[in-house]
Amino acid sequence: GINATGAAPVTSAALDVDIANKGILIPRVALTSLTTFAPVTGTPTESLMIYNTATGGVYPDTFDSGFYYWDGARWMRFVSQTSASWQLFDIYTVETTTNVDFTVGASTTVNNLNLNMPLAITIPANSQVKIVLTYSVPMGKFAGNATAFYYGVRALKNGVETPNGSRKVSFTVPGGGYGMTTLTSVYVDIVTNNTASASTVNYALNGYVENIDPQTVTLRYNMWNPTDPNFNWGRGCFTAQVYIKPL
């Protein structure tokens, strides 16, 4: 035993340290990889413990400062309650480069107008991701005599609508007149990949038009014009913030 009193160690301990105002200082090592025993030298032995001082790696083999032990094949971190929280993993953004026009006949509904803003999100192996999706899509009446209609955006995941991300608005404009608005949405999707390989989830936006007028209407999405003047329409944009945690 190690103590100031000379007391014998407890019988179940190979080493019994009993000092009221001191701690044990574990060797501090700067790891370069979770799967490489170095820079520690000697025989790689299970349960060997260090305190890592470095930050690095690529998910799922990222590492930062903390206590680690060798499990026979890799360095494993001692997990705390907070280490399983979401961490920002990646950000995806696509901005439209051209306007999209579509003419809708009287009393007609169209819901599959491709707005050309796809996002292909990579889901790492053995992980769960929370994806915060945000879009902003300018849209307006470009031509035609229809005065009343609904239009909006359908949010798609792998080709199937996700209703929590879809939005539509009603619109009334004088016959032959113009009008515009910008439709925005923020929604969340959680994806789990419990396989040993990365997977991909594809998100996209489709324009939606429901013409309730007996006249035709041509709608314009994404921007007024690719070059100036764009008349302050802005540009359509679709963004995904990806947060991750291990399973």
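Since we're looking at a predicted model, the values are computed, not measured.

Draft legend 1. Looking closely at a nonpolar patch on the surface. Taken together, I2, L15, V17, I19 and I24 make up a surface patch of nonpolar side chains, about 460 Å² in accessible area. As for its position among the elements, I2 is in strand β1 (residues 2-3).

Draft legend 2. The packing of aromatic side chains, seen in detail. One pass over the structure, following the stated rule, counts 13 aromatic pairs. Ring pairs connect the aromatic residues F142, W224, F231 and W233, which therefore count as one cluster. Here the basic side chain of K168 rests over the ring of Y150, its NZ or CZ set 4.8 Å away from the ring centre. Lying over the aromatic face of F142, R220 brings its terminal NZ or CZ to 3.8 Å of the ring centre.

Draft legend 3. Broad picture of the environment of D61. With respect to the helices and strands, D61 occurs in the loop between β4 (49-52) and β5 (66-70). A relative accessible area of 28% places D61 in the partly exposed class. The spacing of D61 and V100 is 39 residues in sequence and 42 Å in space, taken between C-alpha atoms. Setting aside residues no more than four positions away along its own chain, D61 makes contact with L34, G56 and R74.

Draft legend 4. Spatial organisation of unusual backbone geometry. The omega torsion of the bond from A38 to P39 falls at 15 degrees, within 30 degrees of zero and hence cis. On the secondary structure map, P39 appears in the loop between β3 (28-29) and β4. The peptide bond linking D228 to P229 adopts the cis configuration, its omega dihedral lying at 5 degrees. On the secondary structure map, P229 appears in the loop between β17 (217-221) and β18 (237-246). At S47, a residue that is not glycine, the phi angle is positive and equals roughly 85 degrees. Structurally, S47 is set in the loop between β3 and β4. Judged by relative accessible area, S47 falls into the exposed class, the value being 58%. You will see that S107, though not glycine, has its phi angle at about 50 degrees, which is positive.

Draft legend 5. Inspection of the side chain of N211 at higher detail. Here N211 lies in strand β16 (residues 199-211). From its side chain, N211 meets the backbone oxygen of G105 in a polar contact 3.0 Å long. For N211, the contacting residues outside a window of four places in its chain are V104, G105, A106, S107, T108, A146, A148, F149, T216 and V217.

Draft legend 6. The sheet that holds β3, seen in detail. An order of β3-β4-β5-β6 is seen for the four strands of this open sheet, with the pairing classed as mixed. The strands lining the two open edges of the sheet, one partner per strand, are β3 and β6 (75-77). One ladder, built from four bridges, connects β4 with β5; its direction is antiparallel. For N52, the partnering residue across the bridge sits in β5 and is G66.

Draft legend 7. Layout of the confidence of the model for the protein. Residues of the protein with pLDDT of at least 70 account for 96%, and the chain-wide mean is 89. Within the protein, β3 carries the highest mean pLDDT (97), whereas β1 carries the lowest (84).

Draft legend 8. Seen up close, the pattern of salt bridges. In total, this model carries five salt bridges according to the counting rule given. Across the pair D189 and K157 runs a salt bridge whose closest N-O atoms are separated by 3.0 Å. Taken together, the residues D189 in strand β15 (residues 179-193) and K157 in strand β12 (residues 148-157) connect sequence positions 32 residues apart. With a relative accessible area of 14%, D189 lands in the buried category.

Draft legend 9. View of the nonpolar core. The biggest cluster of nonpolar side chains holds 37 residues, and the ones touching the most others in it are I121, I131, V137, Y203, L205, Y221 and F238. Sorting elements by how many residues they give to this core places strand β11 (residues 127-144) first, with six residues. Not counting residues within four places of it along the chain, the set of residues in contact with I131 comprises I121, I123, Y187, V188, D189, V191, Y203, A240, Q241 and V242. The next biggest cluster of nonpolar side chains, apart from the first, holds 11 residues, and it includes L34, A54, F63 and W70.

Draft legend 10. The arrangement of the environment of I50 in detail. Relative to the helices and strands, I50 resides in strand β4. A relative accessible area of 3% means that I50 is categorised as buried. A C-alpha to C-alpha distance of 6.1 Å links I50 and R28, two positions 22 residues apart in sequence. Not counting residues within four places of it along the chain, the set of residues in contact with I50 comprises I26, P27, V29, L31, V40, G66, F67, Y68 and W75.

Rules of the game
Residues numbered from 1 in each chain as written. Predicted model: local features only at pLDDT ≥ 70, side-chain atom pairs only at ≥ 80, totals over all residues. Heavy atoms only, no water. Patch = residues over 30% accessible without salt bridge, like charges linked within 9 Å, V, L, I, M, F, W, Y side chains within 5 Å. Areas by Shrake-Rupley, 256 points an atom, 1.4 Å probe, with all protein chains shown as cover. Salt bridge = Lys/Arg side-chain N within 4 Å of Asp/Glu carboxyl O. Helix = DSSP H or I, 4+ residues; strand = E, 2+ residues; numbered from the N terminus. Phe/Tyr/Trp six-rings, centres within 6.5 Å; stacked < 30°, edge-to-face > 60°. Lys NZ or Arg CZ within 6 Å of the ring centre and 35° of its normal. Buried < 20%, exposed > 50% of the residue type's maximum accessible area, 1.4 Å probe, protein only. Contact = heavy atoms within 4.5 Å. Polar contact = N/O pair within 3.5 Å; in protein donor to acceptor, adjacent residues only side chain to side chain. Pairing = 2+ DSSP bridges. pLDDT = per-residue confidence, 0-100. Core = buried A, V, L, I, M, F, W, Y, C linked by side-chain atoms within 4.5 Å.

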